[in-house]
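Structural overview for review
The primary structure of each chain is shown beneath.
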Amino acid sequence: MNVVFAVKQYVSKMIEDSGPGMKVLLMDKETTGIVSMVYTQSEILQKEVYLFERIDSQNREIMKHLKAICFLRPTKENVDYLIQELRRPKYSIYFIYFSNVISKSDVKSLAEADEQEVVAEVQEFYGDYIAVNPHLFSLNILGCCQGRNWGPAQLSRTTQGLTALLLSLKKCPMIRYQLSSEAAKRLAECVKQVITKEYELFEFRRTEVPPLLLILDRCDDAITPLLNQWTYQAMVHELLGINNNRIDLSRVPGISKDLREVVLSAENDEFYANNMYLNFAEIGSNIKNLMEDFQKKKPKEQQKLESIADMKAFVENYPQFKKMSGTVSKHVTVVGELSRLVSERNLLEVSEVEQELACQNDHSSALQNVKRLLQNPKVTEFDAARLVMLYALHYERHSSNSLPGLMMDLRNKGVSEKYRKLVSAVIEYGGKRVRGSDLFSPKDAVAITKQFLKGLKGVENVYTQHQPFLHETLDHLIKGKLKENVYPYLGPSTLRDRPQDIIVFIIGGATYEEALTVYNLNRTTPGVRIVLGGTTVHNTKSFLEEVLASGLHSRSRESSQVPSRSASRR
């Protein structure tokens, strides 16, 4: 179950099916992102695709010597663009691939528009999601719910994305969902409807144990997306932001022109692939090794080119050398900027207190530490508000709850009203009243013993002691202990055996910390394969936008003036 491989195969097959000759790849805004996640431009160029165009671009030239491969989402807008295109074709022949199920009436409209008979084929290739890592996918939807319920457009897009994922992995699953979430039940029903309606598409070879789709809601764990991260991929997203594998470094002091935007992709960057799940300290020493390796190779290239053989060797090694030079300068810049932000924002100290708030149950120590950091001028308003949100979520119903005092401290620190109001919004979004599970106090004896022993031993790394709630959920699911009264099956049938293929989907967005959990479970649990997806992949900043977009904050009187962020929905 590898989502990057699944989408890559679709793109390869489209290009192969169009046969030899020069080609143009015609896409829309979303499919451009989908393709760019699994293929670089230079890789596609090697397959005779010399031009990349958007279907909505008005001034495309007529190029009858090119074949057109169209990869588009089956939206009304795209069908209309295609009808216009086929009435006045700019290319010699068209191979049309929709990323999801297309209606018969739309196919009929296209056939009627194709008077010049330039369409060679129309097919459905279900690459209708963003493949982030082999076991992680996203739909790039920010702000999926209004209140506790789906926005209609977002529900439709999520249903399509999730059913496309199942089709691309050839899975017809049993479905379980989080009972405390109305949105999870609604999505489960919509996916089931599509499977029933398109039953012929879902007729795959039956496996002994059927696959399982588990639908969860972000509201159940608002802690994970609020924490600072210390593994490479998660940390880059938290501090710099990753958007379809791209990182904007334009704000880095003294950045050179060619490094203003860099791409971090495990598919094409060996250093990143080997280091994306490692801790920041290890990255530092690995960067040093990469530099030393590079320095060793460098002098040889700069020796005098005296003979033809020298020149030949130089030319042969040059692309390798250039690629390595690019990799080195990119990672040195990224890690350098992460280091600068960590020290500038005092993040080691901030993160230690965050971890205490997420993992320990000592109220007075936590309160003292939060108060101490709020007095520290190096702590930004963003981090100060984040600490108070974590405190508010953990100690919401504690008898000595001191939230009003901390809110006053935020005001005195000069934290803007926007961030202060977000504290109550986060409680409204993911507080105790909403959660279907208990995030903080372990209930069973085994969990309590584990926590006790952890306390005795001390923690190997204070910055990474937190485990997302997803870890416990999946652990119980794999062992067959996940309670059916909390995560019921949709429909009458239940799974008797331990599940093998598990697809988890989080409404309201997943995180890279949860992706790391899934990566580790895949590595350490033989016979179990897990893929994680979300409406988006959050860092703290985007999670707070998600909370704002839900509009839940506007229920509380204090928050009524917060501007709506619906414009950020995609």
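Residues numbered from 1 in each chain as written. Predicted model: local features only at pLDDT ≥ 70, side-chain atom pairs only at ≥ 80, totals over all residues. Heavy atoms only, no water.

In the annotation of an unreviewed UniProt entry, the protein is listed under the name Vacuolar protein sorting-associated protein 45 and assigned to Callorhinus ursinus. UniProt, in its Function (unreviewed entry) section for the protein, records the words "May play a role in vesicle-mediated protein trafficking from the Golgi stack through the trans-Golgi network." Check the Sequence similarities (unreviewed entry) section of the UniProt entry for the protein; it says "Belongs to the STXBP/unc-18/SEC1 family." (UniProt positions renumbered as here; feature names shortened; annotations may be inferred.)

The next subject is the overall build of the protein. Helix and strand counts for the protein stand at 20 helices and 18 strands. Across the 570 residues that make up the protein, the buried fraction comes to 52%. Partitioning the intrachain contacts of the protein with sequence separation of at least 6 by distance along the chain shows that 81% fall at a separation of at least 24. For the protein, the exposed surface amounts to about 27,100 Å²; the carbon and sulfur share of it is 51%. (Helix = DSSP H or I, 4+ residues; strand = E, 2+ residues; numbered from the N terminus. Buried < 20%, exposed > 50% of the residue type's maximum accessible area, 1.4 Å probe, protein only. Contact = heavy atoms within 4.5 Å. Areas by Shrake-Rupley, 256 points an atom, 1.4 Å probe, with all protein chains shown as cover.)

With that out of the way, let us pick up helix 15 (residues 403–413). All of the buried residues in helix 15 are L406, M407, D409 and L410. The arc that holds the buried residues of helix 15, viewed along the axis, is 155 degrees, so those residues lie on one side. Exposed positions of helix 15 whose direction lies more than 90 degrees from the buried face are P404 and N412. Packed against the buried residues of helix 15 are helix 13 (363–374), helix 14 (381–394) and helix 16 (417–430). (Arc of directions from axis to C-beta.)

Glancing now at the packing of aromatic side chains. For the structure shown, the criterion picks out 12 aromatic pairs. Where Y129 meets F137, the ring centres are 5.7 Å apart and the plane angle is 65 degrees; that geometry is what we call edge-to-face. Residue classification places F137 among the buried residues on the basis of a relative accessible area of 0%. Seen in terms of ring centroids, F382 and Y419 are 5.8 Å apart; in terms of plane orientation they differ by 75 degrees. Their pairing is edge-to-face. (Phe/Tyr/Trp six-rings, centres within 6.5 Å; stacked < 30°, edge-to-face > 60°.)

Before going further, it helps to examine the pattern of salt bridges. Following the criterion strictly, the structure yields 30 salt bridges and no others. For the salt bridge of R73 with E30, the shortest nitrogen-to-oxygen distance reads 3.9 Å. One end of the pair, R73, is in the loop between strand 3 (67–72) and helix 4 (76–87); the other, E30, is in helix 2 (residues 29–36), with 43 residues separating them in the sequence. Residue classification places R73 among the buried positions, given a relative accessible area of 5%. Here E30 ties to R157 by a salt bridge, and the two come within 3.2 Å at their closest N and O atoms. Here the residue E30 occupies a position in helix 2, and R157 occupies one in helix 6 (residues 152–168), the gap between them amounting to 127 residues. For E30, a relative accessible area of 33% corresponds to the partly exposed category. (Salt bridge = Lys/Arg side-chain N within 4 Å of Asp/Glu carboxyl O.)

Read across the sheet, 3 strands follow the order 12-13-14 without closing on themselves; strand pairing throughout is antiparallel. A single partner strand is all that each edge strand has here, and the edge strands are strand 12 (242–243) and strand 14 (261–263). (Pairing = 2+ DSSP bridges.)

Right, let's get into helix 4. Along an α-helix, residues three or four apart share an orientation, since each turn contains 3.6 residues. Between its first and last C-alpha atoms helix 4 spans 17 Å; for 12 residues at 1.5 Å apiece the expected length is 16 Å, and the two agree. Among all positions in helix 4, only N78, V79, L82, I83, E85 and L86 are buried. Each buried residue of helix 4 sits inside an arc of 165 degrees when the element is viewed along its axis, so together they form one side. Exposed residues lying more than 90 degrees from the buried face of helix 4 are K76, E77 and R87. Where helix 4 is buried, its residues contact strand 1 (23–27), strand 3, strand 4 (93–98), helix 5 (104–113) and strand 5 (119–124). (Expected span 1.5 Å × (residues − 1).)

Below, the discussion takes up the side chain of N539. Within the element layout of this structure, N539 appears in the loop between strand 18 (537–538) and helix 20 (540–550). Residue N539 is classed as buried on the basis of its relative accessible area of 9%. For N539, the side chain forms a polar contact with the main-chain nitrogen of S542, separated by 2.9 Å. Every residue in contact with N539, bar those within four places of it in the chain, is listed here: P225, H237, E238 and G241. (Polar contact = N/O pair within 3.5 Å; in protein donor to acceptor, adjacent residues only side chain to side chain.)

This next bit is on the sheet that holds strand 4. Ordered in space as 2-1-3-4-5, the 5 strands form an open sheet in which the pairing is parallel. Strand pairing shows two members of the sheet lacking a second neighbour, strand 2 (49–54) and strand 5, which therefore form its edges. Across the sheet, the mean angle from the axis of one strand to that of its neighbour is 15 degrees, orientation sign disregarded. Bridge analysis of strand 3 against strand 4 gives 6 bridges, and the strand direction is parallel. The partner of C70 across the bridge, within strand 4, is I96. (Axes fitted to C-alpha atoms, helices over the stretch in contact; angles between N-to-C directions.)

Before going further, it helps to spend a moment on the pairing of strand 1. Consecutive residues of a regular strand have side chains that alternate between opposite faces of the sheet. When you tally the buried positions in strand 1, you get 5 out of 5 residues, the bulk of the element. Residues of strand 1 alternate between two faces, with K23, L25 and M27 on one and V24 and L26 on the opposite face, all of them buried. As defined by bridge partners, strand 1 adjoins strand 3 across 5 bridges and the pair is classed as parallel. Looking across to strand 3, one finds that M27 is bridged to F71.

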